Amino acid sequence: MIPKVIIHNSISLDGSTTGFEANIGVHYKILSSYLPDAMIVGSNTAKTGTQFFCEKIPPEEEADFKKPEIQPDDPRAYWLIADSKGILEGLMHVFRRSEFSKDAIVLVSQKTPETYINYLKERNYDFIQTGSDRVNIRQALKIANERYGFELVVSDSGGVLNSILLEHGLVEEISLILTPEIVGKNGTNLFRTLEKSGTRLELLRDEIVEKQYVHLLYRVLKK
C-alpha cells in the first residue's frame, strides 16, 4: 500500500517558493497538525535547509554514527530524503541532530555512488534503494509503508520533487500557505518541472492565519 501524500508549501501570491521570507512558525505549525509519519524532501531542498539548522556545518561526533534512541510516544516524524546522487554526504548529521525529526531515512537508486552508500552504512542510516538512474518514488513509498508502517507522508520540498509526486498520481491533497508578497519574474514556480497539465482540485479548507496569511487545502481529483 502507498501512504497518503500531502504536498505542503508556503508560496507567494504569484506562486513562487523563493524570493520572500516565509513564516516558518506558521508553516510548521500547520504541517505538524497533519500528524505525518514522515516528511519527504528532495536533496537540494534539504541542503538549502541546513542554513535553518546551523550557521556553520559542525564537525561529526561519535554520537552521529549511532541511531538515536526513539521513545514509543515520540510525536515527531521521520524524514525521507531523496538523494540518489549523494549530494548530502558529510551533511546527514545535521538532520539527525534536528529537534524536528526522529531520524532520517535516505532514498537512493541503483546508480547512487557506492561511496555514499558506505557513508550511510557506517553511520547506521536506514536507506531504501529503488529505481535505476533515479529514485522510484512510488516504489520507495510502498516500501516505507511496508517496512515502517507509514500511512501519511507530507512533502515539504521544492518544485522538482513535488512535480514528480503529482506527475505520478501520488498526491491526495495540496496544502498551501499564501504569503502576502509578490515576487515577480525572479520567482520559482511551485510545480516548475511538471509536464502533466489539467490537474483539477477541490477546495477543502480556506482560513486566515495570523490576520495576514491564507491557508488553502485542496483535494486532488483523480481522472
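Every value quoted in this text rests on a predicted model; they were computed, and no experiment measured them.

## What to know about the domain arrangement of the chain
Phase 1 of the analysis: Entries for the chain in the domain assignment read domain 1 (1–37 + 158–222) and domain 2 (38–57 + 76–150).
Phase 2 of the analysis: Domain 1 puts 14 residues into the contact, and the matching count from domain 2 is 15 residues.
Phase 3 of the analysis: Buried surface at the junction of domain 1 and domain 2, both sides included, amounts to about 1,400 Å², of which 70% is carbon and sulfur.
Phase 4 of the analysis: If you sort the residues of domain 1 by the area they bury against domain 2, Met1, Asp37 and Leu161 come out on top, with a joint share of 39%.
Phase 5 of the analysis: Remark: the boundary between domain 1 and domain 2 carries three residue pairs in polar contact (both at pLDDT 80 or more).
Phase 6 of the analysis: Sorting elements by how many residues they give to the side of domain 1 that touches domain 2 places helix α6 (residues 159–167) first, with three residues.
Phase 7 of the analysis: Split by residue class, the side of domain 1 that touches domain 2 holds 10 nonpolar, three polar and one charged.

## Some words on the pairing of strand β7 (residues 173–179)
Phase 1 of the analysis: Counting buried residues along β7, seven of its seven residues qualify, which places the element largely inside the surrounding structure.
Phase 2 of the analysis: Where burial is concerned, the two faces of β7 agree: the one with Glu173, Ser175, Ile177 and Thr179 and the one with Ile174, Leu176 and Leu178 are both buried.
Phase 3 of the analysis: In the sheet, β7 pairs with strand β9 (residues 213–220) via six bridges, with the strands oriented antiparallel. When the bridges of β9 are listed, Leu178 appears paired with Val214.

Definitions and cut-offs
Residues numbered from 1 in each chain as written. Predicted model: local features only at pLDDT ≥ 70, side-chain atom pairs only at ≥ 80, totals over all residues. Heavy atoms only, no water. Domains from an automatic or database assignment. Contact = heavy atoms within 4.5 Å. Buried area = accessible area lost by both parts, 1.4 Å probe. Polar contact = N/O pair within 3.5 Å; in protein donor to acceptor, adjacent residues only side chain to side chain. Helix = DSSP H or I, 4+ residues; strand = E, 2+ residues; numbered from the N terminus. Nonpolar A, V, L, I, M, F, W, Y, C, P; charged D, E, K, R; others polar. Buried < 20%, exposed > 50% of the residue type's maximum accessible area, 1.4 Å probe, protein only. Pairing = 2+ DSSP bridges.

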